[in-house]
Amino acid sequence: SNVRFDNLSVRYGNANVGGMITVDGTDFMRSNGAGIYMVDGSVIMKDILVSDNNATNQGGGLYLKNSFLRVEKCAITNNTSNQGGGMFIINDHYQNALIEKSVIANNVANEGGAMFLSDPPRDITYSIEYGRYNFKIEFCTYYGNSASNSSVLYTTNIVEAKLVFYNSVVYG
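Treat the numbers as computed from the prediction; the structure is a model and nothing was measured. (Residues numbered from 1 in each chain as written. Predicted model: local features only at pLDDT ≥ 70, side-chain atom pairs only at ≥ 80, totals over all residues. Heavy atoms only, no water.)

A.B. asks: Just checking my understanding: could you explain the environment of Phe-165 for this structure?
C.D. replies: In this fold, Phe-165 is placed in strand 21 (residues 163-166). Phe-165 gets classed as partly exposed once you look at its relative accessible area, which sits at 36%. Distance from Phe-165 to Phe-139, taken between C-alpha atoms, is 8.4 Å for residues 26 residues apart in sequence. Among all residues touching Phe-165, those that are not within four sequence positions of it are Met-115, Ile-137, Tyr-142, Val-152, Leu-153 and Val-170. (Helix = DSSP H or I, 4+ residues; strand = E, 2+ residues; numbered from the N terminus. Buried < 20%, exposed > 50% of the residue type's maximum accessible area, 1.4 Å probe, protein only. Contact = heavy atoms within 4.5 Å.)

A.B. asks: Sorry, what's going on with the nonpolar core here?
C.D. replies: For soluble globular proteins, the rule of thumb is that nonpolar side chains tend to be buried together. Counting residues in hydrophobic clusters, the biggest one holds 26 residues, and the most contacted among them are Met-45, Leu-62, Leu-69, Ile-99 and Tyr-142. Mapped by element, the contributors of at least two residues to this core are strand 5 (36-39), strand 6 (42-51), strand 8 (62-65), strand 9 (68-72), strand 12 (87-90), strand 13 (97-100), strand 16 (115-118) and strand 17 (135-138). For this core, the element with the most residues is strand 6, which contributes 4 residues. For Ile-99, the residues in contact, after removing those within four places along its chain, are Val-71, Met-87, Ile-104, Met-115, Phe-135, Lys-136, Ile-137, Glu-138, Cys-140 and Tyr-142. Formed by 5 residues, the second largest nonpolar core is a distinct cluster that contains Val-39, Tyr-63, Phe-88 and Phe-116. (Core = buried A, V, L, I, M, F, W, Y, C linked by side-chain atoms within 4.5 Å.)

A.B. asks: Help me out: how do you make sense of the environment of Phe-5 in this one?
C.D. replies: Within the secondary structure, Phe-5 sits in strand 1 (residues 2-11). By relative accessible area, Phe-5 is classed as partly exposed at 21%. The spatial distance from the C-alpha of Phe-5 to the C-alpha of Ile-44 is 6.2 Å, given a sequence separation of 39 residues.

Right, here's the structure in full:
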């Protein structure tokens, strides 16, 4: 499915129940993605606040699996999770992701305070919009994120990934 969010707040979500929910043959963990949860789709977010969400497992603010992501002029703040306090992204289908002109701040996790990328997008066919990068962070500010292991970006299973921080600030 494709979703576009403009000018809204996603706050105070909780994904803290164990077990699974099955919808149309797809299983969803009830402990992931307290703010936004997307599987096999497309999420475009502009002028969005994702704040004060808590997931016991993955993706306090956002959980995306095999999904295209574009974030523009957003604030992802004060979210908590075991992995990926601000966002957790797992990608098997080589989707693109662009985060631009946004603030990712004060998120907390055991691994990846701001972001946790698992098997992120790999090198794919040239894309005009993203250049030769299929995970691009541009003109963003990351501050005050904390984790036991990697306060800003935690990655696993990277195979020839094209990730870039461009004109962005990381501090605190």
